[in-house]
Amino acid sequence: MASASCLCLAVLLAMASAAAAQLSSTFYDTSCPNALSTIKSAVTTAVNNEPRMGASLLRMHFHDCFVDGCDASVLLNDTATFTGEQGAIPNKNSLRGFTVIDNIKAQVEAVCNQTVSCADILAVAARDSVVALGGPSWTVLLGRRDSTNASKSNAESDLPGPNFDLSNLTQLFANKNLNVTDLVALSGGHTIGQAQCRFFRDHIYNDTNINSTFASSLQGNCPRASGSGDANLAPLDAPSPTTFNNDYFNSLLSQKGLLHSDQELFNGGSADSTVRSFASSASAFSSAFTAAMVKMGNISPKTGSQGQIRLSCSKVN
């Protein structure tokens, strides 16, 4: 039985590697040579109009990949008879940027009809968002296809929560073949963007591993009572919320992580040394972040004849 299980695991790993291997940076060079420039232009315009949108698009790619792979399942709208990932607790009334993606898709469709997948648009838009906010670039592998379904339950089980501890985070990322360095690097995406009070309320009122002055400064806009000010926003990286840099890690060293899960990365555990490394070296963070983004982008892509190329990102063909 043990050898049979090992064989099955080996086959599954080989299949996953084969799927990732089918992705290529040159996938659209012939079929849609203007795809990447079209996406970049649209993302840059959106981020210039609203810098927070860069963080929103990066987060959407993350939430897509962690639930059944990078297949644009997160973009499928809920309907009267269907509740997908958008209705899941981590996403509902929180995930944003859908209109921007729809706009990008329309522009891409105008230059290449039903050629570029929504999953690839998400992956490229995440990269271009980081670049637009001053962060590093990386080569995005392409060739993903779009799912024909979405799972609310998988979104609620596979996405990390703001109250997770380091053990929970480490296991969740390991389930996606991402190690502790990847976990810390990808969490560094919180160098941009904002979070709602309902996601950091417990941390600023009940945790002890938080700078007391920092906690007090947040309490005025985030009342203790649940249901009061739930959607009020605070920057995940107060020193530079619209610039992609390594300030987030220096904030963790000072116990100024906004989310419980942020501060768990520097709380006397196995991730401390990585946080210190990234805090002291922006280049070390950039290198690890780009490598982790490529790994995350390779999580269970649909390729070949799997899935479809959606005409509209919000619904199946």
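Scoring rules and cut-offs
Residues numbered from 1 in each chain as written. Predicted model: local features only at pLDDT ≥ 70, side-chain atom pairs only at ≥ 80, totals over all residues. Heavy atoms only, no water. Helix = DSSP H or I, 4+ residues; strand = E, 2+ residues; numbered from the N terminus. Contact = heavy atoms within 4.5 Å. Polar contact = N/O pair within 3.5 Å; in protein donor to acceptor, adjacent residues only side chain to side chain. UniProt positions renumbered as here; feature names shortened; annotations may be inferred. Core = buried A, V, L, I, M, F, W, Y, C linked by side-chain atoms within 4.5 Å. Buried < 20%, exposed > 50% of the residue type's maximum accessible area, 1.4 Å probe, protein only. Expected span 1.5 Å × (residues − 1). 1 Å grid on protein atoms, 1.4 Å probe; cavity = no way out; pocket = protein on both sides within 12 Å on 5 of 7 lines; lining within 4 Å. Points joined across faces, edges and corners; volume = space filled by probe spheres on them.

Enquirer: Explain the environment of Arg 144 to me, please; I cannot follow it from the model alone.
Expert: As for its position among the elements, Arg 144 is in the loop between α5 (118-132) and α6 (152-158). With 75 residues separating them along the chain, Arg 144 and Gly 69 place their C-alpha atoms 9.9 Å apart. Excluding residues within four positions of it along the chain, Arg 144 makes contact with Leu 23, Tyr 28, Cys 70, Ser 117, Ala 119, Asp 120, Ala 123, Gly 297, Pro 301, Lys 302 and Ile 309. A polar side-chain atom of Arg 144 sits 2.7 Å from the main-chain carbonyl oxygen of Leu 141.

Enquirer: Even after reading the chapter, I still don't get the UniProt feature "binding site: Ca(2+) 2" (unreviewed entry) in the protein chain, so can you show me in this structure?
Expert: When the UniProt feature table is mapped onto this chain, "binding site: Ca(2+) 2" (unreviewed entry) is found at Thr 191 and Asp 237. Across 47 residues in sequence, these annotated residues keep their C-alpha atoms within 5.1 Å of one another, forming a single compact spot. The residue Thr 191 is located in the loop between α8 (180-187) and β1 (194-196) in this model. Filtering out sequence-adjacent residues up to four positions away, Thr 191 remains in contact with Asp 237, Ser 240, Pro 241, Thr 243, Phe 244, Asn 245 and Tyr 248. Tracing the backbone shows Asp 237 in the loop between β2 (233-235) and α11 (247-253). For Asp 237, the residues in contact, after removing those within four places along its chain, are His 190, Thr 191, Asn 245, Asp 247, Tyr 248 and Ser 251.

Enquirer: Help me out: how do you make sense of the nonpolar core in this one?
Expert: Soluble globular proteins: nonpolar side chains tend toward being buried together. Of all hydrophobic cores here, the largest spans 71 residues; its most connected members are Leu 75, Ile 101, Ile 104, Phe 249, Leu 265 and Phe 289. The dominant element in this core, judged by the number of residues it contributes, is α5, at nine residues. Sequence-distant contacts of Leu 265, defined by excluding residues within four places in its chain, comprise Leu 166, Leu 169, Leu 183, Val 184, Ser 187, Tyr 248, Leu 252, Ala 271, Asp 272 and Val 275. Counting 15 residues, the second-largest nonpolar core is a separate cluster that includes Phe 200, Ile 204, Ile 210 and Ala 215.

Enquirer: Whenever I open this one, helix α4 (residues 98-111) confuses me. Can you help?
Expert: Compared with the 20 Å implied by 1.5 Å per residue over 14 residues, the 20 Å span of α4 between its first and last C-alpha is a close match. Within the span of α4, buried status applies to Val 100, Ile 101, Ile 104, Lys 105, Val 108 and Glu 109. Lining the buried residues of α4 we find α2 (35-49), α3 (52-65) and α5.

Enquirer: Please explain the environment of Ala 155 as it appears in this structure.
Expert: With respect to the helices, strands and loops of the structure, Ala 155 is situated in helix α6. C-alpha separation for the pair Ala 155 and Gly 84, spaced 71 residues apart in sequence, amounts to 8.4 Å. Beyond its immediate chain neighbours, meaning those up to four positions away, Ala 155 contacts Val 67, Glu 85, Ala 88, Pro 90 and Asn 91.

Enquirer: I tried to follow empty space enclosed by the protein on my own but got confused; where do I start?
Expert: In this approach a probe as big as a water molecule rolls over the atoms, and the regions it shows empty are the leftover space. Applying the stated criterion across every chain, the model contains one cavity of 30 Å³ or more. There is about 70 Å³ of room inside the largest cavity. As for the largest cavity, its lining consists of His 61, Ala 123, Trp 138, Thr 139, Val 140, Leu 141, Arg 144, Met 293, Val 294, Gly 297 and Asn 298. Looking at which element gives the most residues to the lining of the largest cavity, the answer is helix α14 (residues 282-297), with three residues.

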